[in-house]
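Residues per chain are reported as follows:
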Amino acid sequence: GAVVSQHPSRVICKSGTSVKIECRSLDFQATTMFWYRQFPKKSLMLMATSNEGSKATYEQGVEKDKFLINHASLTLSTLTVTSAHPEDSSFYICSAKPRRELRNEQFFGPGTRLTVL
Amino acid sequence: GQNIDQPTEMTATEGAIVQINCTYQTSGFNGLFWYQQHAGEAPTFLSYNVLDGLEEKGRFSSFLSRSKGYSYLLLKELQMKDSASYLCAVRGEKAGSYQLTFGKGTKLSVIP
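Below: a short report on this structure. Each chain carries its own residue numbering, running from 1 in the direction its sequence is written. Labels follow written order: the first chain is A, the first ligand is 1, and so on. Where local features are concerned, this predicted model is filtered to residues with pLDDT of at least 70; where side-chain atom pairs are given and counted, the filter is 80 or more; whole-chain, interface and lining totals use all residues. Here the side-chain values reflect all heavy atoms present in the structure, with hydrogen atoms and water set aside.

1. What about the interface of chain A and chain B?
Definition in use: Any two residues having at least one pair of non-hydrogen atoms within 4.5 Å are treated as being in contact. Note: buried area is the sum, over both parts, of the accessible area (probe 1.4 Å) each one loses when the two are combined. Salt bridge, as used here, is a side-chain nitrogen of Lys or Arg placed within 4 Å of a carboxyl oxygen of Asp or Glu. Counted as a polar contact is a pair of N or O atoms within 3.5 Å, where, for protein atoms, one must be capable of donating a hydrogen and the other of accepting one, and residues adjacent in sequence contribute only when both atoms are in side chains. Secondary structure elements are taken from DSSP: a helix is a run of H or I of four residues or more, a strand is a run of E of two residues or more, and numbering for both begins at the N terminus. Amino acid classes used here: Ala, Val, Leu, Ile, Met, Phe, Trp, Tyr, Cys and Pro are nonpolar; Asp, Glu, Lys and Arg are charged; the rest, including Gly, are polar.
With 22 residues of chain A at the contact, the number on the chain B side is 18 residues. Summed over both partners, the interface of chain A with chain B buries about 1600 Å², with 57% contributed by carbon and sulfur atoms. Scanning the region where chain A abuts chain B turns up zero salt bridges. Between chain A and chain B we count three residue pairs in polar contact (both at pLDDT 80 or more) in total. Counting only elements with at least two residues in the side of chain A that touches chain B, the list comes to β4 (30-38), β5 (45-51) and β9 (90-98) of chain A. Split into classes, the residues belonging to the side of chain A that touches chain B amount to eight nonpolar, seven polar and seven charged.

2. Thoughts on the side chain of A:T80
All names here are of chain A. Where we set the bar: Any residue under 20% of the maximum accessible area for its type is buried, any over 50% is exposed, and the rest in between are partly exposed; the area is computed with a 1.4 Å probe on protein chains only.
With respect to the helices, strands and loops of the structure, T80 is situated in strand β8 (residues 76-81). Taking relative accessible area as the criterion, T80 reaches 16% and is therefore assigned buried. Discounting residues that sit within four places of it in the chain, T80 has contacts with S18, V19, K20, K66, F67 and L68.

Below, the structure written as structure tokens:
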């Protein structure tokens, strides 16, 4: 099956520091990757859509200078939370869409729980 | 814009059948997904409907009526491990877009 990994799974950082989260498709090529944020007891909110080799498309209200996305290859996308603040504490989940059509499905990574002190 | 509604919580008994409803109002429609999410974990795919009707897969079935903007997920022979949140998601406005908009999820509690 299609597997997506995220690293790290959990990170705690001090306010003002930057944190990088990696999302990898392990056994398929992903032309498109999505980054979501989920607050406790809330649904997934799409932050941005990342296409390999091009700039990410951010959803309204998401600061592109704060959440830097790089999709350098067909198997890797990174999200960097710059100058993190406590309100950025959340569960960040990526998903990847295979290059080949597969029930129009996105495959989700296991998520990264970010805690900013 | 997109608006997706589903009940916040439901409780059902082990061995029973439960139906989780989802209604949506979107400016375009290119498919509806159901995902299961256990607490602290990422969502896992359950079903995909793009045409009207019922899709059955083991203990799980999903129904779609595009004219009514309505879907439901049916879980049969409930097991304790089915306790999770169930997310209804609609695929983007444009045929070439793969973006999903998620509902807030229905937290299902299965009791003995």
